[in-house]
Amino acid sequence: MSEFKELVFSGVQPTGNLHLGNYLGALQKFVALQASHECIYCVVDLHSLTATLVHEDLAEQTRSITAAFLASGIDPRKHIVFNQSQVMQHAELAWIFNCVARIGWMNRMTQFKDKAGKDRENASLGLLAYPSLMAADILVYRATHVPVGDDQKQHLELTRDIAQKFNNDFSARIAQLGYGVETKVGEETVNGFFPLTEPLIEGPVTRVMSLRDGSKKMSKSDPSDLSRINLTDDADTISKKIKKAKTDPEALPSEVAGLEGRPEAQNLVGIYAALAGVARTDVLADFGGRQFSEFKPALAELAVEKLSPIADEMRRISADPGYIDGVLRDGALRAREKAEQTMKMVREIIGLIGD
């Protein structure tokens, strides 16, 4: 191999209902990337065990995320859609990466500190080590690009660190076996087995905030359902939530700079821009100087137009769990074949005796 083949990988945890932030921050981008890249999209059910081991509805949640993938426009025939636990090579490579990564790297992960809180000694080992599994998810396919939000950039940097350390630790063996790809790292050209995966961060909004508090990210764990628009919400519910969204008393500005210090206004304008596929400057050119009493109905109408068909399709797909399981099974077969190609070479590089 003279160069890494461009490949996009991303995964979504099956925990709670997907919402507008997930759609604009992830699913919408997943769909768009299909036109330009080979894509692998995964429901990362093993990751959902890190914080809570026992889930009464894990299988149902996995099917729900898959239904959202399909309803949003991801094509499981041209690309690959599967659930992580059906491809054992993810866990196998994660163990190898546990031995590559350093404890200090894991301790620096902001998300671990946030989720573990003050009771870090009582957090699961999985919660500490799950960035190794995330790195394995990506690198078992030698993926070159990952669409990520701001909160996952640190984990992708760790994935790059793990890849680089593996490449450095086994550089002689990689070269001896002829498995290396010449890769530029700064000014230096190295012979690496794993790519240094690049982030894909695009679009007018990368973070969608709560409809009740513009300083907090929209979250499926927020106790208030009015804080988010779920992908399963019907048209009336979407309209009601947008009309009840927190705002300030000022009119919308005519320039983007006027949104500074106005988190709720910034959030709603960003949502409109992302749904319409335009820049925030275009939104303010149309609505600058107008009150939220005029802007919110326009935003509600746009949101219903874009999201209602997805909700309807999700309900249709979810009514046939056998079809969803078939999609996941077919995707897992194809993913497993790709993952095993990588793992055969990894085992040989390390010196593990296999077939």
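**Concerning the overall build of the protein**
Logical step 1: Within the protein one finds 13 helices and seven strands.
Logical step 2: By the compact-globule yardstick of 20 Å for 355 residues, the protein fits well, its C-alpha radius of gyration being 22 Å.
Logical step 3: Principal axes of the C-alpha set define a box for the protein whose edges measure 70 × 50 × 45 Å.
Logical step 4: Once local pairs closer than 6 in sequence are excluded, the contacts in the protein between residues at least 24 apart make up 76%.
Logical step 5: On the protein, roughly 16900 Å² of surface is accessible, and the fraction owed to carbon and sulfur atoms is 49%.

**A word on the packing of aromatic side chains**
Logical step 1: Under the counting rule described, the total for this entry stands at 14 aromatic pairs.
Logical step 2: Both rings, one in Tyr272 and one in Phe287, keep their centres 5.5 Å apart while their planes meet at 65 degrees; by these two values the pair is edge-to-face. Taken together, the positions of Tyr272 in helix H10 (residues 263-276) and Phe287 in helix H11 (residues 280-287) put the pair 15 residues apart, joining distant regions of the chain.
Logical step 3: Its relative accessible area of 16% is what places Tyr272 among the buried residues.
Logical step 4: Plain terms: the ring middles of Tyr272 and Phe295 are 5.5 Å apart, the flat faces sit at 35 degrees to each other, and that makes the pair tilted. Residue Tyr272 is located in helix H10, and its partner Phe295 is located in helix H12 (residues 292-318); the two are separated by 23 residues in the primary sequence.
Logical step 5: Counting every residue linked through ring pairs, the aromatic cluster contains Phe97, Phe166, Phe170, Phe193 and Phe194.
Logical step 6: One residue, Arg142, lies across the ring of Phe193, its end atom 3.9 Å from the ring centre.

**Considering the side chain of Asn167**
Logical step 1: Along the chain, Asn167 falls in helix H7 (residues 153-169).
Logical step 2: Polar contacts involving the side chain of Asn167 include one to the main-chain amide nitrogen of Phe193, which spans 2.9 Å.

**Side note on the side chain of His90**
Logical step 1: On the secondary structure map, His90 appears in helix H3 (residues 89-100).
Logical step 2: Ignoring sequence-local partners within four residues, the contact set of His90 consists of Phe9, Phe82, Gln84, Leu133, Ala136, Asp137, Val140 and Tyr141.

**Considering the state of the cysteines**
Logical step 1: For the coordinates displayed, the defined rule picks out zero disulfides.
Logical step 2: The thiol of Cys39 is unpaired, and the distance to the nearest cysteine sulfur, on Cys42, comes to 14 Å.
Logical step 3: The class for Cys39 is buried, based on a relative accessible area of 1%.

**As for the pattern of salt bridges**
When their charged atoms lie close together, side chains carrying opposite charge are able to pair.
Logical step 1: Using the criterion set out here, one finds 17 salt bridges in the structure.
Logical step 2: The closest approach of N and O atoms between Glu38 and Lys338, which form a salt bridge, is 2.9 Å. Remark: Lys338 occurs in helix H13 (residues 321-350) and Glu38 occurs in strand S2 (residues 38-43); sequence separation between them is 300 residues.
Logical step 3: Between Lys241 and Asp225 there is a salt bridge; the shortest N-O distance is 2.9 Å. Residue Lys241 is found in helix H9 (residues 235-243), and its partner Asp225 is found in the loop between strand S7 (198-200) and H9; the two are separated by 16 residues along the sequence.
Logical step 4: Given a relative accessible area of 2%, Lys241 falls into the buried group.

**Quick look at H13**
For the α-helix, the turn length of 3.6 residues means that residues three or four positions removed from each other point alike.
Logical step 1: Between its first and last C-alpha, H13 extends 41 Å over 30 residues, near the 44 Å set by a 1.5 Å rise per residue.
Logical step 2: Directly after H13, the chain includes Gly351, whose backbone phi takes a positive value near 110 degrees.

**Overview of the environment of Ala135**
Logical step 1: Secondary-structure assignment places Ala135 in helix H6 (residues 125-139).
Logical step 2: In this structure, the C-alpha to C-alpha distance between Ala135 and Ala163, residues 28 residues apart in sequence, is 8.3 Å.
Logical step 3: The residues contacting Ala135, other than those within four sequence positions of it, are Phe97, Thr159 and Ile162.

**Examining the packing of helix H2 (residues 58-72) against H12**
Logical step 1: Put simply, H2 and H12 touch, their axes get as near as 8 Å, and they point 130 degrees apart. Classified by the angle between their axes, H2 and H12 sit oblique to one another. Crossing angle aside, the handedness with which H2 passes H12 is right-handed. Across from Ser64, Ala67, Ala68, Leu70, Ala71 and Ser72 in H2, the residues of H12 making contact are Ile310, Glu313, Met314, Ile317 and Ser318.
Logical step 2: For the contact of H2 with H12, the class distribution of residues is seven nonpolar, three polar and one charged.

**Examining H2**
Logical step 1: Its 15 residues give H2 an end-to-end C-alpha distance of 21 Å, which sits within 8% of 21 Å, the value for a rise of 1.5 Å per residue.
Logical step 2: Of all the residues in H2, the buried ones are Gln61, Thr62, Ile65, Thr66, Ala67, Ala68, Phe69, Leu70, Ala71 and Ser72.
Logical step 3: If you follow the buried residues of H2, they end up packed against strand S1 (7-12), helix H1 (20-33), S2, strand S3 (80-83), H12 and H13.
Logical step 4: Just downstream of H2 lies Gly73, where phi reads positive at about 120 degrees.

Thresholds, definitions, all that
- Residues numbered from 1 in each chain as written.
- Predicted model: local features only at pLDDT ≥ 70, side-chain atom pairs only at ≥ 80, totals over all residues.
- Heavy atoms only, no water.
- Helix = DSSP H or I, 4+ residues; strand = E, 2+ residues; numbered from the N terminus.
- Rg over C-alpha atoms; globule rule 2.2 N^0.38 Å.
- Contact = heavy atoms within 4.5 Å.
- Areas by Shrake-Rupley, 256 points an atom, 1.4 Å probe, with all protein chains shown as cover.
- Phe/Tyr/Trp six-rings, centres within 6.5 Å; stacked < 30°, edge-to-face > 60°.
- Buried < 20%, exposed > 50% of the residue type's maximum accessible area, 1.4 Å probe, protein only.
- Lys NZ or Arg CZ within 6 Å of the ring centre and 35° of its normal.
- Polar contact = N/O pair within 3.5 Å; in protein donor to acceptor, adjacent residues only side chain to side chain.
- Disulfide = S-S within 2.5 Å.
- Salt bridge = Lys/Arg side-chain N within 4 Å of Asp/Glu carboxyl O.
- Expected span 1.5 Å × (residues − 1).
- Axes fitted to C-alpha atoms, helices over the stretch in contact; angles between N-to-C directions.
- Parallel < 35°, antiparallel > 145°, perpendicular 65-115°, else oblique.
- Left-handed = near helix turned anticlockwise from the far one by under 90°.
- Nonpolar A, V, L, I, M, F, W, Y, C, P; charged D, E, K, R; others polar.

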